[in-house]
Amino acid sequence: MSTTDIGVSDDTGEGKDGGRPRPWEGGFWLSEWAFPLFVASLAAGIFAGTHLYYTYQTGAFNEVAVVALLKAGMENGSYGAAAAFGAGFLFARIIEAPMVGILDIGGSLQTGVGIGIPAMLLAGGITAPLEHFWLALPTGAVIGLAIGWLVLVIRRATVNSPNAGSTFGADVMMGAGNSAGRYLGPLVILAAATASVPVGLGSTLGAILFYWWKKPLTGGAILGAMAAGLFFPITK
Amino acid sequence: MNETLTILLESAVIGALIGFGAGAGVARMFHAPQAQGMGAFRTLGELNACENDPIAHFSFGFGFFFNAWASTVGAGALSGDVDHRIVPHWAASISMIKNRNLAETLHNPRRMAFTGAAVGVVLISLLNTTAASIPHSLQSVASQVLGPASEWLLNPVMPIIFWMAAVDAGRRTGGWGTVLGGLAHIVMGNAVPGIVLGIVVGKGIDDMGWNRITKSLTAAVIALFVASSFLRGVDMELLEQMKIGVPGWLHQLHESTGTAGQ
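Parameters and conventions
Residues numbered from 1 in each chain as written. Chains lettered and ligands numbered in written order. Predicted model: local features only at pLDDT ≥ 70, side-chain atom pairs only at ≥ 80, totals over all residues. Heavy atoms only, no water. 1 Å grid on protein atoms, 1.4 Å probe; cavity = no way out; pocket = protein on both sides within 12 Å on 5 of 7 lines; lining within 4 Å. Points joined across faces, edges and corners; volume = space filled by probe spheres on them. Helix = DSSP H or I, 4+ residues; strand = E, 2+ residues; numbered from the N terminus. Nonpolar A, V, L, I, M, F, W, Y, C, P; charged D, E, K, R; others polar. Domains from an automatic or database assignment. Axes fitted to C-alpha atoms, helices over the stretch in contact; angles between N-to-C directions. Parallel < 35°, antiparallel > 145°, perpendicular 65-115°, else oblique. Contact = heavy atoms within 4.5 Å. Buried area = accessible area lost by both parts, 1.4 Å probe. Polar contact = N/O pair within 3.5 Å; in protein donor to acceptor, adjacent residues only side chain to side chain. Pairing = 2+ DSSP bridges. Salt bridge = Lys/Arg side-chain N within 4 Å of Asp/Glu carboxyl O. Buried < 20%, exposed > 50% of the residue type's maximum accessible area, 1.4 Å probe, protein only. Core = buried A, V, L, I, M, F, W, Y, C linked by side-chain atoms within 4.5 Å.

Labelled according to an unreviewed UniProt entry, chain B appears under the name DUF4311 domain-containing protein, originating from Streptomyces tsukubensis.

### Some thoughts on the layout of surface pockets
Regions of empty space are outlined by a rolling probe, equal in size to a water molecule, passed over the atoms. Space inside the largest pocket adds up to approximately 1,300 Å³. Along its surface, the largest pocket is lined by 46 residues, and Glu63 and Phe89 of chain A together with Arg42, Leu154 and Asn190 of chain B are the ones closest to its centre. Looking at the lining of the largest pocket element by element, the count peaks at eight residues for helix 3 (residues 80-100) of chain A. Residues that form the lining of the largest pocket fall into these classes: 19 nonpolar, 18 polar and nine charged. Two domains each provide a minimum of three residues to the lining of the largest pocket, namely domain 1 (2-134) and domain 2 (140-231) of chain B.

### Focus on the packing of helix 2 (residues 41-49) of chain B against helix 6 (residues 136-168) of chain B
Packed helices, taken two at a time, are described by the angle their axes make and the gap between the axes. All names here are of chain B. Relative orientation of the contacting elements helix 2 and helix 6 amounts to 90°, with a least axis distance of 12 Å. Considering their axes alone, helix 2 and helix 6 lie roughly perpendicular with respect to each other. On helix 6, the residues touching Phe41, Arg42 and Glu46 of helix 2 are Leu153, Leu154, Met158 and Phe162. Class assignment for the residues of the contact of helix 2 with helix 6 results in five nonpolar, no polar and two charged.

### Description of the interface of chain A and chain B
The interface is formed by 113 residues belonging to chain A together with 102 residues belonging to chain B. Buried surface at the junction of chain A and chain B, summed over both partners, amounts to about 9,000 Å²; 72% is from carbon and sulfur atoms. For the interface between chain A and chain B, the tally reads 22 residue pairs in polar contact (both at pLDDT 80 or more). Considering each element in turn, the side of chain A that touches chain B owes the most residues, 15 residues, to helix 1 (residues 34-56) of chain A. Of the residues in the side of chain A that touches chain B, the class split is 66 nonpolar, 34 polar and 13 charged. Bridging between strand 1 (residues 102-104) of chain A and strand 1 (residues 37-39) of chain B involves three bridges; their strand directions are parallel. Across the sheet, the residue bridging to Asp104 of chain A is Gly39 of chain B, located in strand 1 of chain B.

### As for the pattern of salt bridges
A side chain of one charge can pair with a side chain of the opposite charge if their charged atoms are brought near each other. Under the criterion given, the structure shown has six salt bridges over all chains. Across the pair Arg93 of chain A and Asp104 of chain A runs a salt bridge, and its minimum N-O distance is 3.8 Å. Taken together, the residues span a long stretch of sequence, with Arg93 of chain A in helix 3 and Asp104 of chain A in strand 1 at a distance of eleven residues. Residue Arg93 of chain A is classed as buried on the basis of its relative accessible area of 12%. Accessibility expressed as a relative area gives 11% for Asp104 of chain A, which makes it buried. Arg85 of chain B serves as the salt-bridge partner of Glu46 of chain B, at 2.9 Å between the closest nitrogen and oxygen. Here the residue Glu46 of chain B occupies a position in helix 2, and Arg85 of chain B occupies one in helix 4 (residues 81-96), the gap between them amounting to 39 residues. Three or more residues are tied together by salt bridges with common partners; here these are Arg93, Glu96 and Asp104 of chain A.

### What about the nonpolar core?
Counting 126 residues, the largest nonpolar core has Ile147 of chain A together with Val82 of chain B as its most contacted members. Per-element tally for this core: the top contributor is helix 6 of chain B, with 13 residues. The two domains that each donate at least three residues to this core are domain 1 (2-134) and domain 2 (140-231) of chain B. Ignoring anything within four residues of it in the chain, the contact list for Ile147 of chain A reads Val39, Leu90, Ile94, Leu103, Leu109 and Val113 of chain A. Counting residues in each nonpolar core, the second largest holds twelve residues, with Met188, Leu197, Val221 and Leu224 of chain B among its members.

Dropping the structure here:
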């Protein structure tokens, strides 16, 4: 299949170099071995973000609730919850990633590398990579390289193996992923209308203006809600 | 060195690294399954929802920017949206200002990586050093409007969309999706990963039958569910809710591994 089948155009013919190969057929940026490098870059940043949080209490790349697990460990020394939570997500995402073609950043890197692995290191009494910035970067990069490499190994053994006559339903999941975003605009209007009357009105007005201007209504719904909230703050 | 300056410099380096990686990974998602991408299904869907319009991409990221700002003030946590939403959407918005050709902007890993790195430097430095100066009224709109909306999208809207896609893809895929989806919601708190794995297993068996690949895949999926339910203490929860006493050895095992439930 090509991504055109699910409504995403990869048309490269409109540019100056019309007729060049489709992007994944050549070049560093879409090659297989470039993938671990991108994972390493992102993982190094996320691990260093956790270092920033460990030393200066700001900068961890995760939701408040998940960072709270790590914080609990930093305060009372029991890192079990954070380590188990992070490791579980990391394991799940590494298995899932080669199958679906997308490595989930939130589960694998933000939660696994950013929370789970630091919690395991701290539980084992290893604090140096979290105390020193220039040690945090290579630690994160090595972990990222390993994850990227593991994903490619599993990918070669399954989806890309010579006798694999299957894409494992990637088209089904891409289709669902593509349609999921369409629900966001209406959800923002519903949430705005629940929050307060002026914010709900602002959000609805913003959405309909964007719809008339043939722009996606999600953007209008958010801007309308924020503009109304600036003049009529939500009091609750 | 002054503490704020240290945070600023480290944030700039961190921002460049995450922006570069996330930008390239997100652009590669549009070439899956031929190329391995990095991001999330919701990121893909939301990027498509903005329909190739720079203003829509910018305002979508802008809303979550305030959310991340608010969360940084409160807890020092930048929020998961930085890599999933703000960096991809702002990088897309910036690279589309002059050129609306998707193949040369959003779907081009090189362009997205460098634009993402630039966005990252500014974004992470700003979040980590100026979080305290955010207007309070915008903070509350971000947390009370965008917060619930994105929670509803994650649960229950996305599970239902994936569930319907699995059911429509055939009896075997629908069956695996339903069983693993239900179990995933119990074990992981969200059905989407389970339904996705159900589609993977079901479609794999549809296309290739039971061979070495599908068998090891299914074994890995079962191992994943068993391991995550133990790590999250779901086995103890099940016994307790069925009014069966938890055996002492199981409780001790969970205590000693620190997995006695969240």
